[in-house]
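Coordinate analysis (summary)
The chain contents come next:
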Amino acid sequence: MSDLDHPDGVICPGGPLLLRGDHVVTDAQGRPHRTTRPVSAVCRCGKSSRQPWCDGTHKVLPPQARP
Amino acid sequence: MTPRGVGYLPRMLTPKARGSLSERLLEAIRARPRDLAAVVGDEPESVDDEQIALWALYELHHHGFEDVDDALEWHPDLLALRRRLEDGFERRLRSRWPSPGPGFRTETFAEDFFAFVEGHDGASLAAHVQRTADVEQVLDLFRLRSVYHLKESDSTAWAVPRLRARTKAALVELLYDEYGAGDPDRVHAHLFARGLEACGLSSEYGAYVDDVPVEVLEQNNAMTLFGLHRRLRGAALGHLAAFEVTSSLPSRRMSQGIARLGLAQEMADYYDEHVEADAVHEQLAVRTICAGLLAEEPHLAGDVWFGAWSCLDLEDRLARRLLSEWAA
Ligand code: FES
Ligand SMILES: [Fe+2]
Ligand SMILES: [Fe+2]
């Protein structure tokens, strides 16, 4: 039974993609990174200093530069 | 004191009094035989006096004191005093809060929340640490932060059984990460303890409470107040969300300041962990926890904003005090 939604991936408008569970994500250089926490945030703005993970940098971008 | 067996880690001792009420209260809870009824009607002589008394009463619910009988946690005379101090404190927090907040609209809540935090233009200790603080100032800051970071997330955890399924699962999903996702070495409070030790500071719980300004006690006590009272679960979760939303970028600055001053890598690790973890937690706290709570209990919207605002305001008060002391 599932009446309360609990998706594996959630797009945060203007911010990261939340990813639930264990995954390997490759960064822009093709290097693999394994998730280390129950929920991870994958950078969508391209400006994080900790690729492929979000580090909050999207919040200081002008609105039109946010994903 | 009765011996507690091999491996027992002694807890902190009661803190120093900061006025006549805390003086009499701390004496009374240490004494045997004790006369607690005598302190129930006492009035605090200052905010410092009130806050250290309340902090000590609250610690009975956290880890307690080596020099106080654990049975006092639920002693009716202490509960009566606690209630009176809490009432005054909550009234003061609410009187500082200027507005009822932006309300609750499902479609725009996350955006409203991030904008609300961004619009609160507070002083930043992290920016000072990043660029200008000296080693002594940063070590002082770690001492002050230790009062909370060594019990990181503990008061929020009290909200868990008071929530319905959707919000309960959402909060535990975040707390699980704060508590190391099953790995004791990754418990955030433990990461901070390791950082303290690597900096040559004490990692003993409560070690620095006598040194902290009243603003730190207010921060601590607000979290315990919100966490212990089911009635205030909205404020507890609003506070959590504001805390998470103001953590990731400042943690990066803290880490850069630690590197600039050549302080211990273990402490940088604590902040680096929070750059990444809180980039996740801020989304969860706003989008699944607070939005979930308000979908189930929309009447708590005012308290969510009250808790969020209190978090920002209390940090701002501490930051302004420290920055002006350091500038002097
Ligand atoms: S999406 Fe957050 S830093 Fe890129
Ligand atoms: Fe944390
Ligand atoms: Fe967090």
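Described in the following lines is the structure provided in the data block. Remember, predicted model here, so these are calculated numbers, not experimental data.

Quick look at the coordination of the iron ion (ligand 3)
The expected angle between donors at a tetrahedral four-coordinate metal is 109.5 degrees. At an octahedral six-coordinate metal it is 90 or 180 degrees. Residue and element names in this part refer to chain B. Within the first shell, the iron ion (ligand 3) binds the protein through Glu178 (OE), Glu244 (OE), Glu244 (OE), Asp278 (OD) and His281 (ND1), at distances of 2.1 to 2.5 Å. Of note, the iron ion (ligand 3) draws all its donor residues from one chain, in the sequence arrangement E-x65-E-x33-D-x2-H. In this structure the iron ion (ligand 2) is found 3.8 Å away from the iron ion (ligand 3), and Glu178 serves as a bridging donor for the pair. With Glu178 in helix H8 (residues 165-178) and His281 in helix H13 (residues 265-296), this residue pair connects regions lying 103 residues apart in the sequence. On the basis of relative accessibility, which here comes to 3%, the residue Glu178 falls in the buried class.

Some words on the coordination of the iron ion (ligand 2)
All names here are of chain B. The iron ion (ligand 2) binds to the protein through Glu152 (OE), Glu178 (OE), His188 (ND1) and His274 (NE2); the donor distances cover 1.9 to 2.2 Å. Viewed at the metal, the four donor atoms of the iron ion (ligand 2) are separated by angles of 80 to 166°, and the geometry they form is irregular. Between the donor residues of the iron ion (ligand 2), the gaps in sequence give the motif E-x25-E-x9-H-x85-H. For His274, a relative accessible area of 4% gives the class buried.

What about the sheet that holds strand S1 (residues 9-11) of chain A?
All names here are of chain A. Taking strand neighbours across the sheet as the criterion, the three strands line up as S1-S2-S5 in an open arrangement whose pairing is antiparallel. Since the sheet does not close on itself, it has two edges, and those belong to S1 and strand S5 (39-42), each with one partner. On average, adjacent strands in this sheet sit at an angle of 20° to one another, irrespective of strand direction. When strand S2 (residues 17-20) meets S5, the two strands line up antiparallel, connected through four bridges. Directly across from Arg20, in S5, lies its bridge partner Val39.

Quick look at the pairing of S2(A)
Residues and elements named next belong to chain A. Where S1 meets S2, three bridges bridge the pair, whose relative direction is antiparallel. Residue pairing across strands places Val10 opposite Leu18, the latter belonging to S2. Taking the residues between adjacent antiparallel strands as the criterion, S1 and S2 are bridged by five residues, where Gly14 takes a positive phi near 80°.

Comments concerning the environment of Arg164(B)
Residues and elements named next belong to chain B. Checked against the element boundaries, Arg164 lands in the loop between helix H7 (154-157) and H8. Taking C-alpha positions, Arg164 is 8.1 Å from Leu293, a pair spaced 129 residues apart along the chain. Beyond its immediate chain neighbours, meaning those up to four positions away, Arg164 contacts Glu296 and Glu297.

Here's the deal with the layout of surface pockets
Where empty space is left becomes clear once a probe the size of a water molecule has been rolled over the atoms. All names here are of chain B. Taken as a whole, the second largest pocket spans an internal volume of roughly 280 Å³. Taken together, 15 residues line the second largest pocket, and the ones lying closest to its centre are Leu150, Ala189, His190, Ala193 and Tyr205. When residues in the lining of the second largest pocket are grouped by element, the largest group, five residues, is from helix H9 (residues 188-198).

The rules behind these values
Residues numbered from 1 in each chain as written. Chains lettered and ligands numbered in written order. Predicted model: local features only at pLDDT ≥ 70, side-chain atom pairs only at ≥ 80, totals over all residues. Heavy atoms only, no water. Donors = N, O, S within 2.8 Å, 3.2 Å for Na, K, Ca; no water. Helix = DSSP H or I, 4+ residues; strand = E, 2+ residues; numbered from the N terminus. Buried < 20%, exposed > 50% of the residue type's maximum accessible area, 1.4 Å probe, protein only. Tetrahedral: all angles 85-135°; square planar, octahedral: opposite > 155°, others 65-115°. Pairing = 2+ DSSP bridges. Axes fitted to C-alpha atoms, helices over the stretch in contact; angles between N-to-C directions. Contact = heavy atoms within 4.5 Å. 1 Å grid on protein atoms, 1.4 Å probe; cavity = no way out; pocket = protein on both sides within 12 Å on 5 of 7 lines; lining within 4 Å. Points joined across faces, edges and corners; volume = space filled by probe spheres on them.

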